[in-house]
Amino acid sequence: MNERDGAAGIRVTLVDDHPVFRIGMTALLNSLSGIEVVGQADSASAARELFAGAHGTDVVLMDLDLGDGSGIDLTREVLRAHPEVRILVVSMHEDDDSVAAAVRAGARGFLVKSAPPDAVERGLRAVAAGEMILSPAVAERAMAYVVGGGQAARVPFPQLTPREREVLDLVARGLDNAAIARRLSLSVKTVRNAVATVLAKLSLRDRSAAIVRARSEGLGGTE
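The structure presented is a predicted model; accordingly, all values stated were derived computationally and were not measured.

Details of the pattern of salt bridges
Under the criterion given, the structure shown has 12 salt bridges. Residues aspartate 73 and arginine 76 are paired through a salt bridge, measuring 3.0 Å at the closest nitrogen-oxygen approach. With a gap of three residues between them, aspartate 73 and arginine 76 both fall in helix H3 (residues 71–81), about one helical turn apart. For aspartate 73, a relative accessible area of 32% corresponds to the partly exposed category. A salt bridge links glutamate 166 to arginine 163; the nearest nitrogen and oxygen atoms lie 2.9 Å apart. Within this pair, glutamate 166 and its partner arginine 163 are both found in helix H7 (residues 162–172), separated by three residues, close to a single helical turn. Residue classification places glutamate 166 among the partly exposed residues on the basis of a relative accessible area of 29%. Via salt bridges that share partners, Asp16, Asp63 and Lys113 belong to a single interconnected network.

Right, dumping it as structure tokens:
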């Protein structure tokens, strides 16, 4: 994608499964000069359908935890089909593993959902111009990692998304799906799907096997 200035306009697509977040972000972005929200998707499948057509966009604001899939996987898919698109991850998670996974997938930026409006605008314009942008907290930890010689803590089950790892941790603590749903403010169906995905990714036969495997990797400890 060629660099775009404010007059040319920046077309933005939102991919997030929280309607309140999409409503608020749409109102914010449409109030900014030279920025227009041209598409929205509330799931990975909806985003795939959107980008399968003749959908034109410059920047995608991508959540990592979608109800039916991973924003990391979706980032790879979108960029494989549309390499000119810039992807800015906006997530509740800001752990090092999430940031690294997003950047490896091709994201050009990473902001937390608590970022103020001016930070969102700066990040979006920077990414649209081809720059890389990280939120201050994320950038500070990245610098500490570099200064510290690249000594990072080992992350168990790197093949899982942060949300799937969080669900597995709570499974290992002995919580059932309803309790996990309450803890994470998710629907029981979303939790059930996440557990099924974890079992499939780790080639485990049932919940009991998942508990044993998770605890062997250090998950499920006391809070």
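Topic: the nonpolar core
Counting 23 residues, the largest nonpolar core has Val167, Leu168, Ile180 and Leu202 as its most contacted members. Sorting the residues of this core by element identifies H7, helix H8 (177–184), helix H9 (188–201) and helix H10 (207–216) as the ones contributing at least two each. Excluding its chain neighbours within four sequence positions, the residues that come into contact with leucine 202 are Phe157, Gln159, Leu160, Leu168 and Arg213. If you look at the next biggest cluster of nonpolar residues, it comprises 22 residues, including Ala41, Leu66, Val89 and Ala107.

Quick word on the packing of H7 against H9
Viewed as axis vectors pointing N to C, H7 and H9 meet at an angle of 95 degrees, and their least axial separation amounts to 9 Å. Taken as axis vectors, H7 and H9 run roughly perpendicular relative to one another. Two secondary-structure elements touch here, H7 through Glu164, Val167, Leu168 and Val171 and H9 through Val191, Ala194, Val195, Thr197, Val198 and Lys201. Broken down by class, the residue content of the contact of H7 with H9 amounts to seven nonpolar, one polar and two charged.

Some thoughts on the confidence of the model for the protein chain
Confidence along the protein chain averages 85 in pLDDT terms, with 86% of residues attaining 70 or more. In this model, residues 1–7 is a region of pLDDT below 50 whose contacts with residues beyond four sequence positions or in other chains number 12 contacts.

Describing unusual backbone geometry
Where the residue is not glycine, phi is negative for most of them; where a peptide bond is considered, it is trans in most cases. Positioned with a positive phi, serine 185 is a non-glycine residue whose angle comes to about 55 degrees. Residue placement: serine 185 occurs in the loop between H8 and H9. A positive phi angle, near 55 degrees, is found at serine 203, a position not held by glycine. Along the polypeptide, serine 203 turns up in the loop between H9 and H10.

So, the environment of arginine 22
As for its position among the elements, arginine 22 is in helix H1 (residues 19–30). In this structure the C-alpha to C-alpha distance between arginine 22 and aspartate 42, which are 20 residues apart in sequence, comes to 8.7 Å. In contact with arginine 22, not counting residues within four places along its chain, are Leu14, Asp16, Asp17, Gln40, Ala41 and Asp42. Among the polar contacts listed, one links the side chain of arginine 22 to the backbone oxygen of aspartate 16, at a separation of 2.7 Å.

Quick notes on the sheet that holds strand E2 (residues 35–41)
The sheet built from six strands is open, its strands ordered E2-E1-E3-E6-E7-E8 with parallel pairing. The open sheet is flanked by E2 and strand E8 (133–134), the only strands paired with a single partner. In the sheet, strand E3 (residues 59–62) pairs with strand E6 (residues 86–91) via four bridges, with the strands oriented parallel. Its bridge partner lying in E6, methionine 62 is registered against valine 89. Of the strands in this sheet, strand E1 (10–15), E2, E3, E6, strand E7 (109–112) and E8 are in contact with helix H5 (residues 117–128), which crosses E6 at around 155 degrees.

A short note on the pairing of E1
With respect to burial, E1 is a largely interior element, five of its six residues being buried. Examined bridge by bridge, E1 and E2 share six bridges and lie parallel to one another. Each bridged residue has a counterpart across the sheet, and for isoleucine 10 the counterpart in E2 is isoleucine 35. Handedness of the crossover is the feature at issue here: the chain leaves E1, passes through H1, returns alongside E2, and the resulting connection is right-handed. Relative to E3, E1 runs parallel, the two sharing four bridges. Counted as the bridge partner of threonine 13 is valine 60 from E3.

Definitions and limits used
Residues numbered from 1 in each chain as written. Predicted model: local features only at pLDDT ≥ 70, side-chain atom pairs only at ≥ 80, totals over all residues. Heavy atoms only, no water. Salt bridge = Lys/Arg side-chain N within 4 Å of Asp/Glu carboxyl O. Helix = DSSP H or I, 4+ residues; strand = E, 2+ residues; numbered from the N terminus. Buried < 20%, exposed > 50% of the residue type's maximum accessible area, 1.4 Å probe, protein only. Core = buried A, V, L, I, M, F, W, Y, C linked by side-chain atoms within 4.5 Å. Contact = heavy atoms within 4.5 Å. Axes fitted to C-alpha atoms, helices over the stretch in contact; angles between N-to-C directions. Parallel < 35°, antiparallel > 145°, perpendicular 65-115°, else oblique. Nonpolar A, V, L, I, M, F, W, Y, C, P; charged D, E, K, R; others polar. pLDDT = per-residue confidence, 0-100. Polar contact = N/O pair within 3.5 Å; in protein donor to acceptor, adjacent residues only side chain to side chain. Pairing = 2+ DSSP bridges. Right-handed = clockwise from strand over helix to strand, strands pointing away.

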